[in-house]
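Observations on the model geometry
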Amino acid sequence: MKKLVVILALVAMLQPVCAQEVEVTSLKRLLEGVEGPAFHPVLNKSGDRLLFASDNGALKVYDFSDNVTQVVTRDYVAGNDACFGGDGKVYFVTQQMDENHLIYRTGNSYDLVTGRSAVITQPQHGAVRAVSATRGGTLRAPAANYTSSDDIGDAAWTEGSRVHVIVGGEERVFAPVDSWAGYLWASLSPDGKRVAFFAAGKGIVIIDLRGQMLAMLGNYEMPCWYNNDYLVAQNAKDDGHQFTSSQILLLKADGTFKAELTKPASMTMQPTCGGGRIVYTTIDGLLYEMTINIHE
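About the criteria used
- Residues numbered from 1 in each chain as written.
- Predicted model: local features only at pLDDT ≥ 70, side-chain atom pairs only at ≥ 80, totals over all residues.
- Heavy atoms only, no water.
- Pairing = 2+ DSSP bridges.
- Helix = DSSP H or I, 4+ residues; strand = E, 2+ residues; numbered from the N terminus.
- Axes fitted to C-alpha atoms, helices over the stretch in contact; angles between N-to-C directions.
- Phe/Tyr/Trp six-rings, centres within 6.5 Å; stacked < 30°, edge-to-face > 60°.
- Buried < 20%, exposed > 50% of the residue type's maximum accessible area, 1.4 Å probe, protein only.
- Contact = heavy atoms within 4.5 Å.
- Polar contact = N/O pair within 3.5 Å; in protein donor to acceptor, adjacent residues only side chain to side chain.
- Domains from an automatic or database assignment.
- Buried area = accessible area lost by both parts, 1.4 Å probe.
- Salt bridge = Lys/Arg side-chain N within 4 Å of Asp/Glu carboxyl O.

Turning our attention to the sheet that holds strand E8 (residues 103-111). The strand order across the open sheet built from four strands is E6-E7-E8-E9, with neighbouring strands paired in antiparallel fashion. Sheet topology places strand E6 (77-84) and strand E9 (116-125) at the edges, where each strand pairs with a single neighbour. Strand after strand, the sheet turns through a mean of 20 degrees between neighbouring axes, direction not considered. By the bridge criterion, nine bridges tie strand E7 (residues 89-97) to E8 in an arrangement that is antiparallel. Within E8, the position partnered with Lys 89 by the bridge is Asp 111.

This structure, assessed with the given rule, holds four aromatic pairs. Plain terms: the ring middles of Tyr 183 and Phe 197 are 4.6 Å apart, the flat faces sit at 35 degrees to each other, and that makes the pair tilted. With Tyr 183 in strand E16 (residues 183-188) and Phe 197 in strand E17 (residues 194-199), this pair connects stretches of sequence that are 14 residues apart. Residue Phe 197 is classed as buried on the basis of its relative accessible area, which comes to 0%. Taken together, a centroid distance of 5.2 Å and an interplanar angle of 55 degrees make the contact between Trp 185 and Phe 198 tilted. Of this pair, Trp 185 sits in strand E16 while Phe 198 sits in strand E17, placing them 13 residues apart in sequence. Assessed through its relative accessible area of 25%, Trp 185 is described here as partly exposed. Since its relative accessible area comes to 10%, Phe 198 is described here as buried.

Moving on, we come to the environment of Thr 268. Mapped onto the elements of the fold, Thr 268 is located in strand E24 (residues 268-274). Along the backbone, Thr 268 and Ser 161 are 107 residues apart, and their C-alpha atoms lie at a distance of 27 Å. When near neighbours in sequence (up to four residues on either side) are disregarded, Thr 268 contacts Ser 246, Gln 247, Ile 248, Thr 262, Tyr 280, Thr 281 and Thr 282. Of the polar contacts made by the side chain of Thr 268, one reaches the side chain of Ser 266; its length is 2.8 Å.

Counting buried positions along strand E13 (residues 155-159) yields four of five residues, so the element is predominantly enclosed. Across five bridges, E13 lies against strand E14 (residues 162-167) in antiparallel orientation. Bridged to Trp 157 within E14 is His 164. Taken together, E13 and the strand that follows it, E14, pair antiparallel across an intervening segment of two residues, in which Gly 160 is found at a positive phi of about 60 degrees.

Note on backbone geometry: most residues besides glycine have negative phi, and most peptide bonds are trans. A positive phi angle, close to 60 degrees, is found at Asn 67, a residue other than glycine. By secondary structure assignment, the location of Asn 67 is in the loop between strand E4 (59-63) and strand E5 (68-73). Positive phi values are uncommon outside glycine, yet Met 222 reaches one of about 50 degrees. Note that Met 222 resides in strand E20 (residues 221-225). By relative accessible area, Met 222 is classed as buried at 13%.

Here we come to the pairing of strand E25 (residues 277-282). Where a strand is regular, its side chains alternate between the two sheet faces. Among the six residues of E25, five are classified as buried, and the element is accordingly described as predominantly covered. Here E24 runs beside E25; their pairing, made up of five bridges, is antiparallel. Bridge pairing in E25 places Met 269 opposite Thr 281. Between E24 and the antiparallel strand that follows it, E25, lie two residues; Gly 275 among them carries a positive phi value of about 60 degrees. Across three bridges, E25 lies against strand E26 (residues 288-295) in antiparallel orientation. Among the inter-strand pairings, Tyr 280 is bridged to a residue of E26, identified as Tyr 288. Between E25 and E26, which pair antiparallel in sequence order, lie five residues; one of them, Gly 285, sits at a positive phi of approximately 85 degrees.

Looking at the protein, the domain boundaries give domain 1 (43-149) and domain 2 (154-296). Computed from C-alpha coordinates alone, the two centres of domain 1 and domain 2 are separated by 21 Å. On the domain 2 side, the residues contacting the 16 residues of domain 1 number 19 residues. Summed over both sides, the interface of domain 1 with domain 2 buries roughly 1,300 Å², with 57% coming from carbon and sulfur. At the boundary of domain 1 and domain 2, one finds one salt bridge. We note a salt bridge from Arg 140 to Glu 171, for which the minimum N-O separation is 3.7 Å. In this structure, the connection of domain 1 to domain 2 is made through five residue pairs in polar contact (both at pLDDT 80 or more).

This is the structure in structure tokens:
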């Protein structure tokens with residue numbers, strides 16, 4: 001009898017997982033005939049603005065509501081070096097190379113209302129990271145950090161094999177899994193209760209605000225919270241020299257479900273989420289916008 005009860009319990013647990021389906025409700029090309037190749041898209045939280053880098057590294061922002069694109073900077077901005085702050089500004093890092101071939105990075109902000117840029121950290125050698133916070137932004141740098149105000153709210157970022165989280169003004173540092181090659185792509189869930197990040201060699205990890213591991217979602221890259229229960233990620237394969245396939249996946253944050261949003265042969269990558277939108281690019285720099293419906 002006990003064995004039967006256990007079996008029935010397992011069946012009950014599996015039923016909602018098996019019943020889940022994902023429907024792609026719309027898919028369209030963005031900025032076709034308007035912009036050239038575009039990479040590293042970043043949606044703001046509400047999903048009405050999109051940052052992207054052109055093939056020469058210039059940073060631009062597209063406004064969905066008025067269908068207008070603005071140039072943030074024509075200076076070179078490396079991938080993943082730009083974000084929207086919770087204060088409505090864009091925080092980004094430009095790069096310059098000196099005569100000795102040393103790279104110097106400069107922190108900047110861009111006011112979307114006035115269209116004006118400001119230098120907020122002086123050029124320095126070493127990594128400078130632009131980090132989004134719920135009420136502002138911060139730049140993490142070896143020489144000196146920058147924060148947009150005394151209270152930037154909550155934030156998450158990685159440094160080496162550590163994930164840093166600011167909660168209620170307190171900075172916490174965690175290393176929940178071993179990864180000699182380090183962590184990348186940390187972000188807070190929309191409700192601010194969990195953190196997702198990528199650990200090299202291990203994949204996507206979900207932790208709570210005490211650093212306790214909640215789930216490991218598989219060896220996928222560039223996780224982005226779609227909502228509090230689901231993330232979108234890149235599943236790319238290579239032969240050591242070039243990509244052989246790449247697709248976009250939907251992953252449940254507890255690790256119980258995943259679904260293909262694009263096929264491996266599509267060479268789709270670099271997903272971002274906001275306001276119910278999913279935007280990604282292709283290996284050739286073609287931007288696409290997708291919306292989905294999750295049936296549970």
